[in-house]
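# Per-entry structural report
Each chain is listed here by its residues.
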Amino acid sequence: QDVITLDLKANEQTVLKTYRRGEISKLAHNNILYFARADADFLFSLAVATGEEAVVADSEIDDKYFSFVLLGVFDNRIMFYAEKDASGYQDLLAFDMATSKASKIELTYKWFSDTRAVTVVAEADTQFLVYVGDEAYDYMSPAPGGKAFKDTQYIRMYKLINKSDYWAGIPNYIEFEDKVLK
């Protein structure tokens, strides 16, 4: 996989870096590309403007996990899923770029018999919009022949939360009315 920049005025491409396909997870934030790789330095960055690569986090996290999926940067923390083993269970972690420490996200919701971490979807100055699971919504659906039947649709549920509560694992959600889905 090549990381390429494109100069629109000159219509020229420049290859900044080449990685083996499938070996990394990547995300872009503020003209910096972040990469996670389990076989070397855990987390590193690539400045788009200069092509300069830097190690962001070393193998402290890498020793506990073998697979990483980068999600986004929120509140100066890189959010990512990390797998401990081949079971498919993933922890949601946040790497704080100011302190160079990673922490597990403790807020969770139930998904059938599973427990999953509450994930950040969007960020404002003091709050996050978070995904807190799905809610079953029963409705009557028309069938061929005109007879209606009961059906269930699962609707994604979102809530607001203060950033400080999210990082502390305190479920002080701020609910809002969803006028579209209900």
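The present account deals with the structure reproduced in this document.

Parameters at a glance
Residues numbered from 1 in each chain as written. Predicted model: local features only at pLDDT ≥ 70, side-chain atom pairs only at ≥ 80, totals over all residues. Heavy atoms only, no water. Phe/Tyr/Trp six-rings, centres within 6.5 Å; stacked < 30°, edge-to-face > 60°. Buried < 20%, exposed > 50% of the residue type's maximum accessible area, 1.4 Å probe, protein only. Helix = DSSP H or I, 4+ residues; strand = E, 2+ residues; numbered from the N terminus. Lys NZ or Arg CZ within 6 Å of the ring centre and 35° of its normal. Salt bridge = Lys/Arg side-chain N within 4 Å of Asp/Glu carboxyl O. Pairing = 2+ DSSP bridges. Axes fitted to C-alpha atoms, helices over the stretch in contact; angles between N-to-C directions.

A complete count under the given rule lists 12 aromatic pairs for this structure. Aromatic pair Phe35 and Phe44: ring centres 5.4 Å apart, planes at 20 degrees, arrangement stacked. Considered together, Phe35 and Phe44 belong to a single accessibility category, that of buried residues. Arranged with centres 5.9 Å apart and planes meeting at 55 degrees, the rings of Tyr131 and Tyr158 form a pair that is tilted. A residue pair is termed long-range when its members are at least 10 positions apart, and Tyr131 in strand β14 (residues 127-142) and Tyr158 in strand β15 (residues 148-162) qualify at 27 residues. An aromatic cluster is built from Phe74, Phe128, Tyr166 and Trp167, whose rings are joined through pairwise contacts. Above the plane of the ring of Trp167 lies Arg77, whose end atom (NZ or CZ) is 4.0 Å from the centre. Across from the ring centre of Tyr131, 3.9 Å away, lies the NZ or CZ of Arg156, which sits over that ring.

Turning to the pattern of salt bridges, a few remarks are in order. In this structure the tally under the stated criterion is eight salt bridges. Linking Asp114 and Arg116 is a salt bridge whose minimum nitrogen-to-oxygen distance equals 3.6 Å. Looking at Arg116, the relative accessible area reads 36%, which means it is partly exposed. One connected set of salt bridges, linked through shared partners, spans Asp75, Arg77, Asp96, Glu123 and Lys163.

Adjacent strands of a sheet pair through backbone hydrogen bonds, lying either parallel or antiparallel. Sheet architecture is open: four strands sit in the order β7-β8-β9-β10, paired in antiparallel fashion. The open sheet is flanked by β7 (67-74) and β10 (101-104), the only strands paired with a single partner. Between one strand axis and the next, the sheet turns by 30 degrees as a mean value, whatever way the strands run. Pairing of strand β9 (residues 90-96) with β10 involves four bridges; the strand directions are antiparallel. Paired with Asp96 across the bridge in β10 is Lys101.

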